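Close look at the chain arrangement
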Amino acid sequence: MSRPPTRAARLRHPMVIAAGVTMVITLTACDADSSAAGSPPTEASSAPQTVVSKQTAQKLVDTYERINNRANKARDEKLLATVEGGQLNEQSRADYEQWATMSQKEQQRYASPFHYTNRTYYLPRSGSATWFAVKAASTGGTKDESMLVFDRIGGAYKLVAAVYAEDEPIPDIAVDQRGFATPVDTSQKVGALAPDRLGPALADLLETGGKKEGRQLATTEVTKESVKDHRERNKGEDGSWRTLNYFSAKPAHPKTYALRLADGGVLSVFPFAFNAEFLHKQYMHGGVIIPGKTEAVYNAKRRPVITDEYQGQAMAVLPEQGKPQVIAQEYTMVDSR
């Protein structure tokens, strides 16, 4: 679902609950979003048209709201998939799987209906993209704006990305005299980095602390948190008996989206993924790790190595000159093995 996460998208370090060589790892995830389905419209006009009309876009968002609210209440994965795809659906399905690990308050909030408010539609010219974007707030209890992306999947439009801007406002997106928003080639550099390299750069902050591609990202609240997670991954009592390392991974849905900004820069919504690997230092002598309740959803077996997979999405501002600024991220554990 696309309301703000009920659980923070920050990695939490393990809590020891057993003597000797066993412990519980509790890594919680963030919520995800939902989408709106519909068939591509046929716009009968000789004048240039947007990829969908504003009226159609409004109906798609309304449909998404209605079906998403129904699916969340019943945790109906198949129903949700009729209006949602991409990284967003990876996160939403994981939330459904992890339902029993949520608190009663989180469950109540997740299942409560919500609506998008203060919507602004960004519609590229027909033929220039298969997708459109919407900036909106939510009745889910926050004033933060979100950027929603609807893309055509299998003949229907589905919500594939939804990222809330928690630390920085979403900058003004360029719209020309005809009302067209301008999609950007995600393989072309904008300043220091191309939009489709943002995901590996963000994951590199966790893996190396930003020694590789992560060096190309500007320092923001988001990047500082990731670097801190890397730096402190093996500190404290937990680090005395186990090691934790992060590794970049492939997003389940690699497509990146980007729009031209009014100041000439670019706003990008992009996928990223990483694994967190825990290794018991005494694994050669029978040391094992007790999975936390979220990990146990996928594999409840005690084991010397636990690898947790996270899938996420993020948003960045790419200035014409200089380093991209990651202004929001959300990720969810989707597997543990």
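Here is a short report on the structure shown in this document. Every value quoted in this text rests on a predicted model; they were computed, and no experiment measured them.

**Observations regarding the overall build of the protein**
- The number of helices and strands found in the protein is 7 helices and 11 strands.
- Scored against the burial criterion, the 337 residues of the protein give a buried share of 55%.
- For the protein, the share of sequence-separated contacts (at least 6 apart) that also reach a separation of at least 24 residues comes to 69%.
- By element, 48% of the accessible surface of the protein is carried by carbon and sulfur atoms, the whole surface being about 14,500 Å².

**Observations regarding the packing of aromatic side chains**
- One pass over the full model with this rule turns up 14 aromatic pairs.
- Ring centres 6.3 Å apart and planes at 20° place the aromatic pair F272 and F274 in the stacked group. Taken as a pair, F272 and F274 share a single burial class, namely buried.
- Among the aromatic side chains, those forming a connected cluster through ring pairs are Y64, F114, Y116, F132, F150 and Y157.

**A few points about helix α3 (residues 86-97)**
- Between its first and last C-alpha, α3 extends 17 Å over 12 residues, near the 16 Å set by a 1.5 Å rise per residue.
- Across the 12 residues that make up α3, a large majority, 10, are buried.
- Residues G86, Q87, L88, N89, E90, Q91, S92, A94, D95 and Y96 constitute the buried set of α3.

**Structural notes on the packing of helix α5 (residues 198-208) against helix α6 (residues 221-231)**
- Interaxial distance between α5 and α6 falls to 6 Å at its minimum, and their mutual angle equals 30°. In this view, α5 runs roughly parallel relative to α6, as classed from their interaxial angle. Listed contacts from α6 to L202, L205, L206, E207 and T208 of α5 are V222, T223, S226, V227, D229 and H230.

**Quick notes on the pattern of salt bridges**
- Applying the stated criterion across every chain, the model contains 8 salt bridges.
- Across the pair K224 and E221 runs a salt bridge whose closest N-O atoms are separated by 3.0 Å. With K224 and E221 both in helix α6, this residue pair falls 3 residues apart, about one helical turn.
- Overall, the relative accessible area of 45% leaves E221 in the partly exposed class.
- Two residues, D335 and R337, come together in a salt bridge whose shortest N-O distance is 3.3 Å.
- Taking the relative accessible area as the measure of exposure, D335 reaches 24% and is therefore partly exposed.

**Quick word on the environment of K281**
- Tracing the chain through its elements places K281 in the loop between β8 (266-280) and β9 (290-291).
- When its relative accessible area of 42% is taken as the criterion, K281 is described as partly exposed.
- Between the C-alpha atom of K281 and that of S240, which follows or precedes it by 41 residues, the distance is 8.3 Å.
- Apart from the residues lying within four places of it in its own chain, the contact partners of K281 are G239, S240, W241, R242 and T243.
- Engagement of the side chain of K281 in a polar contact is seen with the backbone oxygen of G239, the distance being 2.8 Å.

**Quick word on unusual backbone geometry**
- Although it is not a glycine, R75 sits at a positive phi angle of roughly 50°.
- Here R75 is to be found in the loop between α1 (54-74) and α2 (77-81).
- Its identity as a non-glycine residue notwithstanding, N118 has a phi of 50°, on the positive side.
- With respect to the helices and strands, the residue N118 is situated in strand β2 (residues 116-122).
- According to the relative accessible area criterion, N118 is exposed, its value standing at 65%.

**Thoughts on the pairing of strand β10 (residues 305-318)**
- Summarising burial for β10: 13 of the 14 residues are buried, a large majority.
- In this sheet, β10 lies alongside β8 in antiparallel orientation, the contact comprising 14 bridges. Bridging from a neighbouring strand, N275 pairs with E309 of β10.
- Of the pairings in the sheet, the one linking β10 to strand β11 (residues 325-336) comprises 10 bridges and is antiparallel in character. Bridge pairing in β11 links G312 to Y331.
- Between the end of β10 and the start of β11, which pair antiparallel, lie 6 residues, with G322 showing a positive phi angle near 105°.

**Things to note about the environment of V317**
- With respect to the helices and strands, V317 occurs in strand β10.
- V317 gets classed as buried once you look at its relative accessible area, which sits at 12%.
- Separated by 48 residues in sequence, V317 and V269 place their C-alpha atoms 9.2 Å apart.
- Not counting residues up to four positions away in its chain, the partners in contact with V317 are P171, L261, V266, L267, P324, Q325 and I327.

**Description of α6**
- Inspection of α6 places V222, T223, S226, D229 and H230 among the buried residues, and these make up the whole buried set. Buried residues of α6, viewed axially, fall in a sector of 120°; they line one side.

What counts as what
- Residues numbered from 1 in each chain as written.
- Predicted model: local features only at pLDDT ≥ 70, side-chain atom pairs only at ≥ 80, totals over all residues.
- Heavy atoms only, no water.
- Helix = DSSP H or I, 4+ residues; strand = E, 2+ residues; numbered from the N terminus.
- Buried < 20%, exposed > 50% of the residue type's maximum accessible area, 1.4 Å probe, protein only.
- Contact = heavy atoms within 4.5 Å.
- Areas by Shrake-Rupley, 256 points an atom, 1.4 Å probe, with all protein chains shown as cover.
- Phe/Tyr/Trp six-rings, centres within 6.5 Å; stacked < 30°, edge-to-face > 60°.
- Expected span 1.5 Å × (residues − 1).
- Axes fitted to C-alpha atoms, helices over the stretch in contact; angles between N-to-C directions.
- Parallel < 35°, antiparallel > 145°, perpendicular 65-115°, else oblique.
- Salt bridge = Lys/Arg side-chain N within 4 Å of Asp/Glu carboxyl O.
- Polar contact = N/O pair within 3.5 Å; in protein donor to acceptor, adjacent residues only side chain to side chain.
- Pairing = 2+ DSSP bridges.
- Arc of directions from axis to C-beta.

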